Every structure is written in structure tokens, then in C-alpha cells.
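For reference, the chains in residue letters:
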Amino acid sequence: MTTRPRRFAGLALCASLALSAAAIVTSTGSASAAVPVRGTFTPVDPIRILDTRDGTGVAGERVGPVGVGRVVELDVTGVGGVPDTGAGAVVLNVTVTEAPANGYVTVFPCGDARPLASNVNVRRGVNVANQVTAKVGSDGRVCFFASSETHLVADLSGWYANDVATVPGFSYAPLTPARVVDTRDGTGLGLRPTGVMAAGEVLAVTIPGTGGVPATDVRAVTLSVTVDQAAGSGYISVYPCDQPRPVVSNLNFDPTNPTISNLATTRTSSTGQVCFFASAPTHLVVDTQGYFTTRPAVVFTGLSPVRLLDTRDGTGVVDSRPARLGRGSVVELEVGGVAGVPADAAAVLLNVTVTEASGRGYATAWPCGSPRPLASFLNFVRGVDQANLTPVRIGTGGRVCIYVHEGTQIVADVNGYYDLAEDADPAA
């Protein structure tokens, strides 16, 4: 890995990674010279690159929680399968743990001003995770701002290219969400009996050929993973079935919030299987969001996060008036041609947060002009701020629709966009 000088000044803790264990990188094959790969994705087998509890990612210089208002600068290039140069964004699962108070964490490219946006909502004494696709900033680093004291954990699952590389990545194909696993009714379980996953159980699922994902040429998938009726505190790990279960997690749950979702991006095994490990008894629901393929589709451009919607102050709302969403409401959010997203972009990556919810409910996002899908990407309960990342195809009028099952305030931050690859078929 590349060694960069370390510095500690003011609120910034600049860290180089101590962890440099090799990860398996899936590709179509090696190339002898650099090739254009802008916006394509290369998955890596999940690997932990930051853990303030044991010093991972901070070179052992500072073991302990991140203090109020502090910024951790994490080196994300030259480690875990990410190249030293050519990476435009990384896909991380970010977890907060052992927090003594509520707050939030903002992830943004180092070198940019800290944006008015958040990625993970911190809850006192509760483990909370959210997938983050973070633009890589100056010197190959990503910054984490903590509004309250907390430990930070980050697991890497892949990277997007911003220029050229010696390994071509894969293009993303967004889908209308479709359910492929539901242990409550037996969907996608094959011969396994319907029912709760047992503590320590691993469920292997073949994703290609289901939920809109083609049967061939699928190298990685993006899934919305939900636990329901969890019996206790625990976590879910998502990983390709042809590797040993890694020391990572994708989704944390506890009895105070027994229904919760998170996005997971993972390589599929050589036979197309994705494994789900449950550390405690729970039902599991999985919806497809998209897949990565060698065929030209859409490519990704990361952005420094920008707030597009906040019903609390009227941001992004018609007439700019604060408008709390009532039960069963749909808000149409204009995203094409806004905040750095091109007018002809195919899809956007949004971090959506619900706050001040009246009761238990869920949110669904889809391209305006299309029927609302039977799938959710965000589950919430009364009085608990909850966020989730979701890729959404852009619909009629350059808009994305968001439905809420229960009354709530809602906030949405854009983290990037997808547009057609140069040689993609726009009718595909």
C-alpha cells in the first residue's frame, strides 16, 4: 500500500490504514495496459478497513471513540483491492456503535467543505449501519464527521473508477425493486422450510435469474436487505458464497427496532450465489435493486453530498413550504438537472432519512410515471431517525417518487448519479 504522511491538527484525525490484507477482486481478466473505465464498478470481497475500537484504519495511533465534532480522515486507496490511483468512489458499509448520545455521521470527500448532509443517524447505545457510496477526496481519502461521540466501523465492498485502470470494471443496470427472498412466506427459499432464520444460520441464495436480474453475465448485485420480527440484538452479513464468512456486517438490529433495512452491494459467487448470515433469530427479506455486468449499461459519478429534500424547512418541496408528509403520501422529487445531476441522467443515488415519524412505517422509492413497486427500502418506527441509501431510476419529468406508509418528515441527500455508458443501448 502507499504510505502517506500522517498529521493531526484541529478537528482532523488523519489516518493511514494499518490493515492491508489482500482481498479477492473479481474482473473479466487482467489487462496489460490502462483502459478507460470511468464510472464502472469493481467489487472486492468484504473487508474491514476502519474500526476505532481496535485501531484498524488509524494505524493504532488512536484507539477509542471519535469525539464530538471531530473528523476522521480514512485512506481508502491502495488497500483492500482499491488501486492507488483511478478510484473515484468507494462503497462502504458504515456502522456506529457504543454511542453515549444521539447524533449523526456525515461521510464526504476529504478536501471538500463538509456538506449539510448526513449518512448514518447515531442512536444512544444502539448499533446502526448504513451503506455509503463515498466520493474519494484529496490524497485518496474519505472523511467522517461525527456530531456526537461514537465508535466508527467501515467495511469495504468495492470501488468505482474515475479515469483509467488496468482492470476494467462493470456497468450498473438499475432495476425496479423486486422481492427475491422472504422467510415469512417462503419466497426464494427453495427446499428450506418457511420460518425465522436461526442464530448462526447461513442462507445461500442464487440471485441471477430472479427479480429482474438476468441468468448470465452478472458479476455483482445491489440488494435491499430487511430483517423483521428480530428476537434480539444481532447482525446480518452478506457475502459471496465461494468465500469464508468475513468479519464484517451489513445490517444491525435490536428489539427496539425489530424491522430495519440496509442496502448491500456484493459480488456473486462463481455459481451466482449470495450468502446471508444471521447472528440472532430473525426473519429475512431481500429485494433486488440492480446488478453489475460486463455489458455496457450505466456508469456512476460520485458527488459530494447535497441536500435535495427536507420537508422540515421546505427544501425541494413545491412552493418551498414546509410540508410534513401524511400517511400514504407521495412526494415527487426533482433530481434531473439539479445539484450536479445531468438532466439526462438514468438514475440517482439517494440517502433518505425519516425523522419525527408518527408511527411504524416504511418508504418506497421509484421512477415517477411508473407503478409503485411492492418493495420498500426504508423501515422506521415512531420517534427514531432512520436513514438508508437507495439507487433510484429517474422517471417522468426528471423526477423520483417517494411514498411513505406513515406520517413523517423526510430528508434526501444525493450522493451521485448514473448515466448511460458511451456504447450502451439506450433502449436496453
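All values reported here derive from a predicted model rather than from experimental measurement. (Residues numbered from 1 in each chain as written. Predicted model: local features only at pLDDT ≥ 70, side-chain atom pairs only at ≥ 80, totals over all residues. Heavy atoms only, no water.)

A.B. asks: Mind laying out the overall build of the protein chain, listing which residues take part and the relevant values?
C.D. replies: Helix and strand counts for the protein chain stand at zero helices and 28 strands. Per-residue burial for the protein chain yields a buried fraction of 62% across its 428 residues. Of all intrachain contacts in the protein chain linking residues separated by at least 6 positions in sequence, the fraction that spans at least 24 positions is 81%. As displayed, the protein chain offers around 15,500 Å² of accessible surface, 51% of which is attributable to carbon and sulfur atoms. (Helix = DSSP H or I, 4+ residues; strand = E, 2+ residues; numbered from the N terminus. Buried < 20%, exposed > 50% of the residue type's maximum accessible area, 1.4 Å probe, protein only. Contact = heavy atoms within 4.5 Å. Areas by Shrake-Rupley, 256 points an atom, 1.4 Å probe, with all protein chains shown as cover.)

A.B. asks: With reference to specific residues and values, describe the pairing of strand β16 (residues 234-240).
C.D. replies: Taken across its seven residues, β16 has six buried, putting it largely inside the fold. Across three bridges, the pairing between β16 and strand β17 (residues 251-253) is antiparallel. Among the inter-strand pairings, Y235 is bridged to a residue of β17, identified as N252. In terms of strand pairing, β16 meets strand β19 (residues 273-278) through five bridges, oriented antiparallel. In the strand pairing of β19, P240 is matched with V274. (Pairing = 2+ DSSP bridges.)

A.B. asks: So what about the side chain of T408? Which residues, and what values?
C.D. replies: Structurally, the position occupied by T408 is in the loop between β27 (399-404) and β28 (409-420). Residues in contact with T408, not counting those within four places in the same chain, are R324, L325, V354, T355, E356, A357 and F380.

A.B. asks: Run through the packing of aromatic side chains, naming residues and quoting values.
C.D. replies: In the structure shown here, the tally under the stated rule is ten aromatic pairs. Relative to Y160, the ring of F41 has its centre 5.0 Å away and its plane inclined at 50°; by these criteria the two rings are tilted. Within this pair, whereas F41 is found in strand β4 (residues 41-51), its partner Y160 is found in strand β11 (residues 151-161), the two being separated by 119 residues in sequence. Assigned by exposure class, F41 and Y160 land together as buried. Both rings, one in Y235 and one in F277, keep their centres 5.9 Å apart while their planes meet at 45°; by these two values the pair is tilted. Within this pair, whereas Y235 is found in strand β16, its partner F277 is found in strand β19, the two being separated by 42 residues in sequence. Residue F277 is classed as buried on the basis of its relative accessible area of 8%. One aromatic cluster is present, formed by F41, Y160, Y172, F292, F300 and Y418 through successive ring pairs. Over the aromatic face of F277 sits the side chain of R245, whose NZ or CZ is 3.7 Å from the ring centroid. For R372, the ring lying beneath its charged end belongs to Y403, and the centroid distance is 3.8 Å. (Phe/Tyr/Trp six-rings, centres within 6.5 Å; stacked < 30°, edge-to-face > 60°. Lys NZ or Arg CZ within 6 Å of the ring centre and 35° of its normal.)

A.B. asks: Tell me about the sheet that holds β16, and name the residues and values.
C.D. replies: The antiparallel open sheet is built from four strands, whose spatial order is β14-β19-β16-β17. Only two strands of the sheet have a single neighbouring strand rather than two, namely β14 (202-206) and β17. The sheet shows a mean angle of 20° between the axes of neighbouring strands, direction not considered. (Axes fitted to C-alpha atoms, helices over the stretch in contact; angles between N-to-C directions.)

A.B. asks: Just give me the short version of the pattern of salt bridges, but keep the residues and values in it.
C.D. replies: Under the defined criterion, the tally for this structure stands at 18 salt bridges. Residues R192 and E201 are paired through a salt bridge, measuring 2.7 Å at the closest nitrogen-oxygen approach. Several salt bridges share partner residues, and in doing so they unite R48, D51, R53 and D155 into one network. (Salt bridge = Lys/Arg side-chain N within 4 Å of Asp/Glu carboxyl O.)

A.B. asks: Requested: an account of the pairing of strand β15 (residues 220-228), with residues and values cited.
C.D. replies: Most of β15 sits out of view: nine of its nine residues are buried. Alternating positions in β15 separate into two faces, A220, T222, S224, T226 and D228 on one and V221, L223, V225 and V227 on the other, with burial throughout. With nine bridges connecting them, β15 and strand β20 (residues 283-293) associate as antiparallel partners. Among the inter-strand pairings, T222 is bridged to a residue of β20, identified as G290.

A.B. asks: Talk me through the state of the cysteines; I want residue IDs and the actual numbers.
C.D. replies: By definition, a disulfide links the sulfur atoms of two cysteine residues through a covalent bond. Across all of its chains, the model carries three disulfides by this definition. Linked covalently through their sulfurs, C241 and C275 form a disulfide whose S-S length is 2.1 Å. Between C241 and C275 the sulfur-sulfur dihedral comes to about 120°; the bridge is accordingly right-handed. Taken together, the positions of C241 in the loop between β16 and β17 and C275 in strand β19 put the pair 34 residues apart, joining distant regions of the chain. Looking at C241, the relative accessible area reads 23%, which means it is partly exposed. According to the relative accessible area criterion, C275 is buried, its value standing at 6%. Through a disulfide, C368 is tied to C401; the S-S separation comes to 2.1 Å. The disulfide joining C368 to C401 has a torsion of about 115° about its S-S bond and is therefore right-handed. Residue C368 is located in the loop between β24 (361-367) and β25 (378-380), and its partner C401 is located in strand β27; the two are separated by 33 residues in the primary sequence. Disulfide partners in the protein chain, listed by the sequence order of the bonded cysteines, are 1-2, 3-4, 5-6. (Disulfide = S-S within 2.5 Å.)

A.B. asks: Before we move on, can you summarise unusual backbone geometry with the specific residues and values?
C.D. replies: At E98, a position not held by glycine, the phi torsion is positive, near 60°. Tracing the backbone through its elements, the reader meets E98 in the loop between β6 (87-97) and β7 (103-109). Phi is positive for D217, which is not a glycine, with a value near 55°. Mapped onto the elements of the fold, D217 is located in the loop between β14 and β15.

A.B. asks: Explain the confidence of the model for the protein chain residue by residue, including any values.
C.D. replies: On average, residues of the protein chain carry a pLDDT of 86, and 87% of them reach 70 or more. Of all helices and strands in the protein chain, the one with the weakest mean pLDDT is strand β1 (residues 8-9) (29), whereas β19 scores best (98). Confidence drops under pLDDT 50 across residues 1-32; counting only partners more than four residues distant or on other chains, this segment forms 88 contacts. (pLDDT = per-residue confidence, 0-100.)

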